[in-house]
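Geometric and topological summary
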Amino acid sequence: MIKVSGCISEIKSQIKEWKRQGLSIGLVPTMGYLHEGHQSLIERAVKENDRVVVSIFVNPIQFAPGEDLESYPRDIKKDTVLCEQTGAHLIFNPTPEEMYPNGFSTNVTMNGLTKELCGKTRPTHFGGVCTVVSKLFNITAPDRAYFGEKDAQQLAIIKRMVKDLNFDLEIVGCPIVREKDGLAKSSRNTYLNATERKAALILSKAISLGKEMVKNGERSSAAVIKAMTEKIETEPLAKIDYVNIVNAENIEPVDTISGSILAAIAVYIGKTRLIDNFMITV
Ligand code: PAF
């Protein structure tokens, strides 16, 4: 049976024991309600490490007031089954009080990389992510940690943080997992009703269009952004938060597509905010 613990000291002693035995550790940080996207991260971690820890924690400090902290879907029983079947060894499922006890006063903030894309509409989000991920790294001392490329800005930020703060681990980015019809897997897809679910396909259609344009030689960001924007605007239920093209490493907007770029979109379908992207090196 996979072990589930919400207790930091218990997790730390298990990690210490594994380290004493010379075992390597992979960490898959999640907010739970696991789907095939998370499963692909766990599978990769199981392949590359002796022991795999999955953290399941809906981190309150990365949600702004009015966002979906309370309604964020949770199902620890189902998550436990998925983790066990996928070969993980330990689930860390702390309470907010365990992670942020009375008197908690320290935050990790990042100045660069957080101003564009999701950082524009969610200015406090990435500080909350950096803080919790730093804590998770310190608690589980992993050799490798696995993050999905769907949250491409988050992945770039965590890579930067690991470099800047000299964390001693490797960050592994894993490809976006999509539904058969193209919609990127997300725990937030459960918010969509049947009509919205169909409308949400406009995100992956815009992504495919942009990617094709770049593959076919288009090098003007403005032209690609315009075409993607117009595509999304054909869907009446869609409201654009952003469509942008940035340097994949420093998340600064680029006028000309060259090197490694990230084309990212955030679109409201009804009340649900969805993100998608493509990364390409030209
Ligand atoms: O990507 C997520 O699910 C979260 O942002 C993370 C990395 C688990 C931190 O809470």
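All residue numbers refer to position in the chain's written sequence, counted from 1. Only residues with pLDDT of at least 70 get local features here, since the model is predicted, and only at 80 or more are side-chain atom pairs given and counted; chain-wide, interface and lining totals rely on the full set of residues. Values shown for side chains rest on all heavy atoms present in the structure; no hydrogens or waters enter the calculation.

The next thing to look at is the overall build of the protein chain. Looking only at helices and strands, the protein chain has ten helices and nine strands in total. Summarising its shape, the C-alpha atoms of the protein chain cover approximately 55 × 40 × 40 Å along the three principal directions. Summary of the burial criterion: residues with accessible area below 20% of their type's maximum are buried, those above 50% are exposed, and those between are partly exposed, where the area comes from a 1.4 Å probe applied to protein chains only. For the protein chain, the proportion of its 282 residues judged to be buried stands at 52%. In this description, accessible areas are obtained by the Shrake-Rupley approach with a 1.4 Å probe, and a residue is regarded as covered only by the protein chains that are shown. Summed over all atoms, the accessible surface of the protein chain reaches about 13500 Å², with 50% contributed by carbon and sulfur. Asp and Glu count as negative and Lys and Arg as positive, but His and the ends of the chain are not part of the count. Positions of charges follow a simple convention, taking NZ of Lys, CZ of Arg, CG of Asp or CD of Glu. Of the charged side chains in the protein chain, 35 are positive and 34 negative, and the gap between their average positions amounts to 1 Å. Secondary structure counts use DSSP, requiring at least four H or I residues in a row for a helix and at least two E residues in a row for a strand, with both numbered from the N terminus.

On to the nonpolar core, then. Among buried residues, those of type Ala, Val, Leu, Ile, Met, Phe, Trp, Tyr and Cys that are joined through side-chain atoms within 4.5 Å constitute a nonpolar core. Counting residues in hydrophobic clusters, the biggest one holds 46 residues, and the most contacted among them are Met 99, Phe 137 and Ile 171. The element contributing the most residues to this core is helix H6 (residues 125-140), with eight residues. For this analysis, residues touch if any pair of their heavy atoms sits within 4.5 Å. Non-local contacts of Met 99, meaning those with residues more than four positions away in its chain, are made with Ile 8, Phe 57, Phe 92, Pro 94, Phe 104, Val 132, Lys 135, Leu 136 and Ile 139. Leu 203, Met 213, Ala 227 and Ile 245 belong to the second-largest nonpolar core, a separate cluster that totals 29 residues.

Another point: the side chain of Thr 131. Tracing the sequence through the fold places Thr 131 in helix H6. Judged by relative accessible area, Thr 131 falls into the buried class, the value being 3%. Polar contact is defined as a pair of N or O atoms within 3.5 Å, subject to the rule that within protein one atom must be able to donate a hydrogen and the other to accept it, and that residues adjacent in sequence are counted only when both atoms are side-chain atoms. Only 2.9 Å separates the side chain of Thr 131 from the backbone nitrogen of Val 108, close enough to count as a polar contact. Dropping the residues within four chain positions of it, Thr 131 is found in contact with Ile 61, Phe 104, Thr 106, Asn 107 and Val 108.

In the vicinity of the ligand, the contacting residues are Pro 29, Thr 30, Met 31, Asn 59, Gln 62, Val 129, Val 132, Phe 147, Asp 151 and Gln 154. Contacts to the ligand include Gln 62, whose side-chain N or O atom sits 2.6 Å from an oxygen atom. At 2.7 Å, a side-chain N or O of Gln 154 approaches an oxygen atom of the ligand. Contact with the protein chains hides 89% of the accessible area of the ligand, taken as 290 Å² for the molecule alone. When the residues that make up the shell around the ligand are grouped by side-chain class, the tally is five nonpolar, four polar and one charged. Throughout this document, a residue counts as near a molecule or strand when at least one of its heavy atoms sits within 4 Å of that molecule or strand. Charged means Asp, Glu, Lys or Arg here, nonpolar means Ala, Val, Leu, Ile, Met, Phe, Trp, Tyr, Cys or Pro, and polar covers whatever is left, Gly included.

Counting through the fold element by element, Arg 273 comes out in strand E9 (residues 272-281). On the basis of relative accessibility, which here comes to 16%, the residue Arg 273 falls in the buried class. For Arg 273, the side chain forms a polar contact with the side chain of Asp 241, separated by 2.9 Å. If we ignore the near neighbours within four places in the chain, the residues touching Arg 273 are Cys 118, Thr 121, Arg 122, Arg 188, Asp 241, Tyr 242, Ala 266, Val 267 and Tyr 268.

The strand order E7-E8-E9 describes an open sheet built from three strands, whose pairing is antiparallel. Since the sheet does not close on itself, it has two edges, and those belong to strand E7 (238-247) and E9, each with one partner. Within the sheet, the average angular offset between the axes of one strand and its neighbour, ignoring direction, is 15°. With nine bridges joining them, E7 and strand E8 (residues 260-269) adopt antiparallel strand pairing. Within E8, the position partnered with Val 243 by the bridge is Ile 265. To define axes, lines are fitted to C-alpha atoms, for helices over the stretch in contact only, and angles between the resulting N-to-C directions are given on a 0 to 180 degree scale. Helix-sheet contacts for helix H10 (residues 221-233) involve E7, E8 and E9, and the interaxial angle to E7 is about 160°. In this scheme, strands are said to pair when DSSP sees at least two bridges between them.

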